[in-house]
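# Breakdown of the fold
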There are 2 protein chains.
Amino acid sequence: MLSISRLNTTDNTFWSQLNTLLAWETVSDGVVIQTVRDIIHDVRLRGDVALVEYTNRFDRRAIQHIEDLRVPDIRLQQSLTTLEKNQRKALEKAAERIRAYHQRQLQDSWHYTEPDGTVLGQQITPLERVGIYVPGGKAAYPSSVLMNALPAKVAGVKEIIMVVPTPDNIMNNMVLAAAAIAGVDRVYSIGGAQAVAALAYGTMTIPKVDKIVGPGNIYVATAKSMVFGTVGIDMIAGPSEILIICDGQTDPDWIAMDLFSQAEHDEQAQSILLSPDAAFLDAVQDSMNNLLAQMPRADIIRTSIQNRGALIQVKDLAEAAEVANFVAPEHLELSVAEPQELVKKIRHAGAIFMGRYTAEALGDYCAGPNHVLPTSRTARFSSPLGVYDFQKRSSIIFCSEEGAHKLGQIATTLAQGEGLTAHARSAEYRVLQGMLEGMDK
Amino acid sequence: MLSISRLNTTDNTFWSQLNTLLAWETVSDGVVIQTVRDIIHDVRLRGDVALVEYTNRFDRRAIQHIEDLRVPDIRLQQSLTTLEKNQRKALEKAAERIRAYHQRQLQDSWHYTEPDGTVLGQQITPLERVGIYVPGGKAAYPSSVLMNALPAKVAGVKEIIMVVPTPDNIMNNMVLAAAAIAGVDRVYSIGGAQAVAALAYGTMTIPKVDKIVGPGNIYVATAKSMVFGTVGIDMIAGPSEILIICDGQTDPDWIAMDLFSQAEHDEQAQSILLSPDAAFLDAVQDSMNNLLAQMPRADIIRTSIQNRGALIQVKDLAEAAEVANFVAPEHLELSVAEPQELVKKIRHAGAIFMGRYTAEALGDYCAGPNHVLPTSRTARFSSPLGVYDFQKRSSIIFCSEEGAHKLGQIATTLAQGEGLTAHARSAEYRVLQGMLEGMDK
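Keep in mind that what you see is a predicted model, and the values were worked out from it rather than measured. (Residues numbered from 1 in each chain as written. Chains lettered and ligands numbered in written order. Predicted model: local features only at pLDDT ≥ 70, side-chain atom pairs only at ≥ 80, totals over all residues. Heavy atoms only, no water.)

### Brief notes about the overall build of chain A
Across its full length, chain A carries 18 helices and 15 strands. Expressed along its principal axes, the backbone C-alpha trace of chain A runs to roughly 85 × 65 × 45 Å. Burial status across chain A gives 61% buried among its 441 residues. At a minimum sequence separation of 6, the contacts of chain A that also span at least 24 residues come to 74%. Here chain A has roughly 16400 Å² of accessible surface; of this, 51% comes from carbon and sulfur atoms. (Helix = DSSP H or I, 4+ residues; strand = E, 2+ residues; numbered from the N terminus. Buried < 20%, exposed > 50% of the residue type's maximum accessible area, 1.4 Å probe, protein only. Contact = heavy atoms within 4.5 Å. Areas by Shrake-Rupley, 256 points an atom, 1.4 Å probe, with all protein chains shown as cover.)

### Focus: the UniProt feature "binding site: NAD(+)" (unreviewed entry) in chain A
Residues and elements named next belong to chain A. Those residues carrying the UniProt feature "binding site: NAD(+)" (unreviewed entry) are Tyr 133, Gln 194 and Asn 217 in this numbering. In terms of the greatest pairwise C-alpha distance, the residues named above, spread along 85 residues, form a tight cluster of at most 12.7 Å across. Mapped onto the elements, Tyr 133 comes out in strand 5 (residues 129-133). Side-chain polar atoms of Tyr 133 contact the backbone nitrogen of Gly 192, separated by 2.7 Å. Along the chain, the position of Asn 217 falls in the loop between strand 8 (211-213) and helix 9 (218-227). Among the polar contacts made by the side chain of Asn 217, one reaches the main-chain amide nitrogen of Tyr 219 at a distance of 3.0 Å. (UniProt positions renumbered as here; feature names shortened; annotations may be inferred. Polar contact = N/O pair within 3.5 Å; in protein donor to acceptor, adjacent residues only side chain to side chain.)

### A short note on the packing of aromatic side chains
Residue and element names in this part refer to chain A. All chains considered together, the criterion is met by 14 aromatic pairs over all chains. For the pair Tyr 54 and Phe 58, a centre-to-centre distance of 5.8 Å together with 5° between the ring planes defines the contact as stacked. With a gap of 4 residues between them, Tyr 54 and Phe 58 both fall in helix 3 (residues 48-58), about one helical turn apart. On the basis of relative accessibility, which here comes to 8%, the residue Tyr 54 falls in the buried class. (Phe/Tyr/Trp six-rings, centres within 6.5 Å; stacked < 30°, edge-to-face > 60°.)

### Some points on the domain arrangement of chain A
Residues and elements named next belong to chain A. Structurally, chain A comprises domain 1 (5-25 + 238-367), domain 2 (30-79 + 105-237) and domain 3 (400-440). Between the C-alpha centres of domain 1 and domain 2 the distance comes to 33 Å. Contacts between the two partners involve 6 residues from domain 1 and, on the opposite side, 5 residues from domain 2. A buried area of about 370 Å², summed over both sides, lies between domain 1 and domain 2, and 48% of it is on carbon and sulfur atoms. Between the two partners, domain 1 and domain 2, sit 0 salt bridges. Between the two partners, domain 1 and domain 2, sit 0 residue pairs in polar contact (both at pLDDT 80 or more). (Domains from an automatic or database assignment. Buried area = accessible area lost by both parts, 1.4 Å probe. Salt bridge = Lys/Arg side-chain N within 4 Å of Asp/Glu carboxyl O.)

### Describing the environment of Met204(B)
Residue and element names in this part refer to chain B. Relative to the elements of secondary structure, Met 204 occurs in the loop between helix 8 (192-201) and strand 8 (211-213). Owing to a relative accessible area of 82%, Met 204 belongs among the exposed residues under this scheme. Separated by 182 residues in sequence, Met 204 and Gly 386 have C-alpha atoms that sit 31 Å apart.

### Overview of the pairing of strand 15 (residues 391-398) of chain A
When you tally the buried positions in strand 15 of chain A, you get 7 out of 8 residues, the bulk of the element. Where strand 4 (residues 119-126) of chain A and strand 15 of chain A come together, 8 bridges link them in antiparallel fashion. In the sheet register, Val119(A) faces strand 15 of chain A, and the bridge partner there is Phe398(A). Judged from the 4 bridges that link them, strand 15 of chain A and strand 14 (residues 351-354) of chain B form a sheet pairing that is parallel. Along strand 14 of chain B, the bridge assignment pairs Phe398(A) with Met354(B). (Pairing = 2+ DSSP bridges.)

### Brief notes about the sheet that holds strand 1 (residues 5-8) of chain B
Spatially, the 9 strands line up as an open sheet ordered 3(A)-4(A)-15(A)-14(B)-13(B)-10(B)-11(B)-12(B)-1(B), and their pairing is mixed. Lying at the two open borders of the sheet, with one neighbouring strand each, are strand 3 (110-113) of chain A together with strand 1 of chain B. Here the strands of the sheet are splayed against their neighbours by 20° on average, with no regard to which way each runs. As defined by bridge partners, strand 1 of chain B adjoins strand 12 (residues 310-313) of chain B across 4 bridges and the pair is classed as parallel. Across the sheet, residue Asn8(B) finds its bridge partner in strand 12 of chain B, namely Gln313(B). Most of the contacts of helix 10 (residues 252-263) of chain B go to strand 10 (residues 241-246) of chain B, to which it runs at about 165°, and overall it touches strand 10, strand 11 (270-275) and strand 13 (331-335) of chain B. (Axes fitted to C-alpha atoms, helices over the stretch in contact; angles between N-to-C directions.)

### Comments concerning the relation of the copies chain B and chain A
Note on the copies: chain B fits chain A at an RMSD of 0.0 Å, the axial shift is 0.0 Å, and the rotation between them is 180°. Each copy turns onto its partner about a two-fold axis. Looking at chain B, 100% of its interface residues are interface residues in chain A too, so the copies touch through the same face. (Least-squares fit on C-alpha atoms with pLDDT ≥ 70 in both.)

### A closer look at the environment of Arg308(B)
All names here are of chain B. Relative to the elements of secondary structure, Arg 308 occurs in helix 12 (residues 298-308). Given a relative accessible area of 10%, Arg 308 falls into the buried group. Note: C-alpha distance between Arg 308 and Thr 20 (288 residues apart in sequence) is 9.8 Å. Aside from chain neighbours lying at most four places away, what touches Arg 308 is Leu 21, Leu 22, Ala 23, Trp 24, Pro 239, Gln 268, Ala 269, Gln 270, Ser 271 and Thr 303. Among the polar contacts made by the side chain of Arg 308, one reaches the main-chain carbonyl oxygen of Leu 22 at a distance of 3.4 Å.

### Focus on the interface of chain B and chain A
At the junction of the two partners, chain B supplies 121 residues and chain A supplies 121 residues. Both faces combined, the contact of chain B with chain A buries some 10600 Å², and carbon together with sulfur accounts for 58% of it. Counting every contact that joins chain B to chain A gives 8 salt bridges. In this structure, the salt-bridge partner of Arg97(A) is Glu114(B), at a minimum N-O distance of 2.8 Å. Inspection of the chain B/chain A interface yields 62 residue pairs in polar contact (both at pLDDT 80 or more).

### A few points about the UniProt feature "binding site: Zn(2+)" (unreviewed entry) in chain A
The UniProt record annotates "binding site: Zn(2+)" (unreviewed entry) at Gln262(A), His265(A), Asp364(A) and His423(A). The greatest C-alpha distance among the annotated residues, which extend across 162 residues, is 55.5 Å, indicating that they are dispersed rather than converging on a single site. Position of Gln262(A) relative to the elements: it lies in helix 10 (residues 252-263). Take Gln262(A): its relative accessible area is 0%, and that puts it in the buried class. With sequence-adjacent residues up to four places away left out, Gln262(A) is seen in contact with Ser240(A), Glu241(A), Ile242(A), Ala269(A), Gln270(A), Ser271(A), Glu330(A), His331(A) and Glu360(A). For Gln262(A), the side chain forms a polar contact with the side chain of Ser240(A), separated by 2.4 Å. In this structure, His423(A) sits in helix 17 (residues 421-428). For His423(A), a relative accessible area of 0% corresponds to the buried category. Those residues within four positions of His423(A) in sequence are excluded, and the remaining contacts are Ala415(A), Ser261(B), Glu264(B), His265(B), Ala361(B), Asp364(B) and Tyr365(B).

### Observations regarding the packing of helix 16 (residues 401-417) of chain A against helix 5 (residues 85-103) of chain B
At a minimum axis separation of 9 Å, helix 16 of chain A and helix 5 of chain B run at an interaxial angle of 120°. When the axes of helix 16 of chain A and helix 5 of chain B are compared, the pair comes out oblique. For the crossing formed where helix 16 of chain A meets helix 5 of chain B, the hand is left-handed. Mapping the contact onto sequence places Leu407(A), Ile410(A), Thr413(A), Leu414(A) and Gly417(A) in helix 16 of chain A and Asn86(B), Gln87(B), Ala90(B), Leu91(B), Lys93(B), Ala94(B) and Arg97(B) in helix 5 of chain B. For the contact of helix 16 of chain A with helix 5 of chain B, the per-class residue count stands at 6 nonpolar, 4 polar and 2 charged. (Parallel < 35°, antiparallel > 145°, perpendicular 65-115°, else oblique. Left-handed = near helix turned anticlockwise from the far one by under 90°. Nonpolar A, V, L, I, M, F, W, Y, C, P; charged D, E, K, R; others polar.)

### Things to note about helix 7 (residues 173-182) of chain B
Residue and element names in this part refer to chain B. Among the 10 residues of helix 7, 9 are classified as buried, and the element is accordingly described as predominantly covered. All buried positions along helix 7 are accounted for by Met 174, Val 175, Leu 176, Ala 177, Ala 178, Ala 179, Ala 180, Ile 181 and Ala 182. Of the residues that open helix 7, the one with a side-chain oxygen 2.9 Å from the backbone nitrogen of Met 174 is Asn 172. Positive phi shows up at Gly 183, right after helix 7, with a value of about 80°.

Encoded structure:
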């Protein structure tokens, strides 16, 4: 029997119980920090030599030549051609849908001209070179390759470098096939903090990139946060979460399985169900108990559900939306009759899955939107990974003579107020001399 | 006489000299880190009591009651009404232009419907509550209040909380007036790591915010990086920089003063001039020597120019653009005859100032675009502060029955490939049963 927390919003201590349930902070382990700092320092200092040493040590490999770190392009193509037909078709279809959705995120430069001829604008350019970290070993996710590489590709990034550790020299065929489909330019079989350091600072073999994205273990996450500033990084992800709002009319087995689909990711994952219908909460709990035994990852699911899951009874759907906004979940399912009404009340969520037919799992693979989403309540202030993460903006200011004259007067007044004389003088030079004398100053 | 580095791209070691010139890394001082960690911990634990203690100690104040940390709204209005007329007009005009430019950055939600009835989209919502850190004491910049608050306001942020330390209880009138003009909702006279901690975690008096933006000293920057994840933050800014490309036809005094206007910010600021015309580089150097004595901040300018400035002779303007792209400067001036041609070659810069009349200082105050810009070569992967920093996106997925059927088959195939059975099952539930039997699997 699964023991799962049951909360009720009518309880006086509900909000503090909810806070306790949601609490999650990364452990800042001094040993990890020092290890990662040393590895980064070493890779900056000794480059490829250090990279080969760490790879041989941590991934139990026997690399002799630097070139062996590169996965040959032909190997990527082979992965694709040898892939089971059905898998290849699924990957290609998923890529096509992800590409189509992300194309809508492309932003264009714009300019406008003021009456005096001054032009203002925003110039959009892609990042030049991006590194994608893909975990190796057991948790090898081809879908992550697509979700990280395709937005960069759509943005117009010139070169995408993928790194993936291959412990014991075992490569995941589907991961390499996904790289081929996504149009990754080069793949290196390296991982860990050493791969992050190589991408951030460059070695003779690995080119320095402008941004590193993609999930990894605590060493990878720590290394990413340390190289931030030298390169861009994506958000550091916490455990995966789902929050489901159900009116009680969806098949309880469906909802139970949706909760499981988060829980099976790892023991820290969080699955929460909100419903105004107490009997439905009971029914879902029964379904979970019936279905658990069929799950190959039952142990992970059990731990996750028991430690971090909850069934919460709410007064009504409006209150459910309020709780959801407080949680700001990574994945939010609105399994209700009128999701288009309920969604209007939602202000904070990474991705919103509307209606009884939209299983969260569809978004993980192939609906089109990205599956890299803000976790741990960060959807209050951040967004899914997207094309906008691989584009950047430059402001454009092109003053006409008249414009410089007018703006110069304002700038001079404010610069003097801030005690910045060179700023004031630099603006004044461009104020027409004759007019300057008539200025109200 | 100013001694300023002179580089030439024809020099064999030019690129390594340039790298050395640009090198800048924040010092990660163990003492600062520990101090900030302690302050944050203390404010989380003891809230307002700790906040008052630190404020009294660090800002030499004698606060007895928590309420005295709040700057009354009436005080903000008084600042505005007592401000010198010309200054008020300049601030209001600047605010109007900044607002107009940033309104063009507003992003709208979008949706599209696929032939089978599935709806995909991106929902845009503003952040709810934002904290703005404004430095107090000597370096009090009203323009920064406008540049940080107005994009949040335009984005639709409901509540803007400003914190500004007031050492010895001295408030800067122009800063408070700028807060009134920008529509800041509440101002607290607190600063340092304690203010950042209060905004990130909330106290009985200070409300918890979703994001903290604005510049500060090393304690503030360290505190911001430590609370990142709990709240959003803007980029940690390095020293200010300008890179000017000039064809040699602009008045050398103008260019010298533009270089000074960066240099006067602080000793670490970086001012670089590129020109194909060696005689012009000499002329600018002469101008700098002549103008320096007139500058109240001559000592700061001298240190900055001598330690971090450079005059670089390039082959031609195309090569200048190449150097500029390598540097990815915060501010880039194209002081040339045809800036609209040269700008096409620019891929990386925070803000681009085109033509001889566009002094960089105009962008600092009133042209319209933001003056919070990526520094230290981060323009390779990041953007000016903007409305987009105060909006966030949620993906929308609303599958029709037919859509769930089609997508479910792809998702199931990929989930099985990744060994995630609950994902596969959750998708399969929504695949129509009759059709499921005919599936190619």
